[in-house]
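Summary of the model geometry
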Amino acid sequence: MQAISEFLSAQDNRAQLMVYWVGQAYVDLNSGTTYLAPRDFRLDNMPETGIKLRDLITTLEKFVAREKLLVLDTCHEVSAVESQSQPSTGDQIRKVMIGEAVSRSVIVVGSCDTRRRVVLDDERKQGQFATQLGKALEGDADFDGDAQVSADELYRSLRQQL
């Protein structure tokens, strides 16, 4: 988290910030805490090897930007054992929200909800969420033609395509 904080503090406060997490995320069934899973993550030691989703959101909240967006692409195929602690992205976000708003200043977009898990784009060998996100950011979501994709435009585009 220190490296993220240092990077953010060096950015222009007029910037649009988008953090895109692609990978696994799990909920600790004992504590209810959602953890993002970096490369060295271990299911048997989530608190020591994972990144708390709440901590990432709190770090992003401290950064001053025109617009802050956290995109979570965390719905991927997992083993039967892992699936018990890996709910949909929507459910992961709701776990963070218990008793409070997810964030007052960070817009959080998830790749799937309870009813829909990962859908693969066979041609590109990646999830359809990643494919549609790329197209949206390349300009497909620039509905007002201002050469920028706002969080609202991005969300609207993803909802239409998925």
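Before any of the text, the structure's been laid out above.
Treat the numbers as computed from the prediction; the structure is a model and nothing was measured.

Scoring rules and cut-offs
- Residues numbered from 1 in each chain as written.
- Predicted model: local features only at pLDDT ≥ 70, side-chain atom pairs only at ≥ 80, totals over all residues.
- Heavy atoms only, no water.
- Helix = DSSP H or I, 4+ residues; strand = E, 2+ residues; numbered from the N terminus.
- Buried < 20%, exposed > 50% of the residue type's maximum accessible area, 1.4 Å probe, protein only.
- Contact = heavy atoms within 4.5 Å.
- Areas by Shrake-Rupley, 256 points an atom, 1.4 Å probe, with all protein chains shown as cover.
- Pairing = 2+ DSSP bridges.
- Axes fitted to C-alpha atoms, helices over the stretch in contact; angles between N-to-C directions.
- Parallel < 35°, antiparallel > 145°, perpendicular 65-115°, else oblique.
- Left-handed = near helix turned anticlockwise from the far one by under 90°.
- Nonpolar A, V, L, I, M, F, W, Y, C, P; charged D, E, K, R; others polar.
- Polar contact = N/O pair within 3.5 Å; in protein donor to acceptor, adjacent residues only side chain to side chain.
- Arc of directions from axis to C-beta.
- Salt bridge = Lys/Arg side-chain N within 4 Å of Asp/Glu carboxyl O.

Points about the overall build of the chain
- On a plain count of helices and strands, the chain comes out with seven helices and eight strands.
- Out of the 162 residues belonging to the chain, those deemed buried represent 38%.
- Considering only contacts within the chain whose residues lie at least 6 apart along the sequence, 59% involve residues at least 24 apart.
- Counting every atom, the chain has about 9600 Å² of accessible surface; 47% of that belongs to carbon and sulfur.

A short note on the sheet that holds strand β2 (residues 24–27)
- Strands sit in the order β2-β3-β4 across an open sheet of three strands; the sheet is antiparallel. The sheet is open, and its two edges are formed by β2 and β4 (51–52), each paired on a single side.
- Judged from the two bridges that link them, strand β3 (residues 34–37) and β4 form a sheet pairing that is antiparallel. When the bridges of β4 are listed, Tyr 35 appears paired with Lys 52.

Structural notes on the packing of helix α1 (residues 2–9) against helix α3 (residues 53–62)
- Direction vectors running N to C along α1 and α3 enclose 20 degrees, while the axes themselves pass 10 Å from each other. The orientation of α1 with respect to α3, classified from their angle, is roughly parallel. Of the two elements, α1 crosses α3, and the hand of that crossing is right-handed. Of α3, the residues touching α1 (which contributes Ile 4, Ser 5 and Leu 8) are Leu 56, Thr 59 and Leu 60.
- Among the residues forming the contact of α1 with α3, the class breakdown is four nonpolar, two polar and no charged.

Focus: unusual backbone geometry
- Even without glycine at this site, Ala 147 takes up a positive phi of about 65 degrees.
- Here Ala 147 lies in the loop between α6 (128–140) and α7 (151–161).
- What makes Ala 147 exposed here is its relative accessible area of 73%.

Considerations on the side chain of Ser 111
- Tracing the chain through its elements places Ser 111 in the loop between β6 (107–110) and β7 (120–121).
- A polar atom in the side chain of Ser 111 sits 3.3 Å from the backbone nitrogen of Thr 74.
- Setting aside residues no more than four positions away along its own chain, Ser 111 makes contact with Leu 72, Asp 73, Thr 74, Cys 75, Thr 89 and Phe 129.

A look at the environment of Thr 59
- Along the polypeptide, Thr 59 turns up in helix α3.
- Taking the C-alpha atoms as reference, Thr 59 lies 7.9 Å from Ile 4; in sequence the two are 55 residues apart.
- Apart from residues lying up to four places away in sequence, Thr 59 is in contact with Met 1, Ile 4, Ser 5 and Leu 8.

Some remarks on the side chain of Ser 157
- Position of Ser 157 among the secondary structure elements: in helix α7.
- Taking the relative accessible area as the measure of exposure, Ser 157 reaches 5% and is therefore buried.
- Aside from chain neighbours lying at most four places away, what touches Ser 157 is Ala 136, Ala 141 and Phe 143.

Things to note about α7
- Turning to α7, its buried residues are Ala 151, Glu 153, Leu 154, Ser 157 and Leu 158. All buried residues of α7 fall inside an arc of 165 degrees around its axis, so they share one side. Away from its buried face, by an angle of more than 90 degrees, α7 presents the exposed residues Asp 152, Arg 159 and Gln 160.
- Check the buried side of α7 and you find it contacts β1 (16–22), β5 (67–73), β6 and α6.

A short note on the pattern of salt bridges
- A complete count under the given rule lists one salt bridge for this structure.
- Residue Asp 44 pairs with Arg 42 through a salt bridge whose shortest N-O separation is 3.1 Å.
- Overall, the relative accessible area of 62% leaves Asp 44 in the exposed class.

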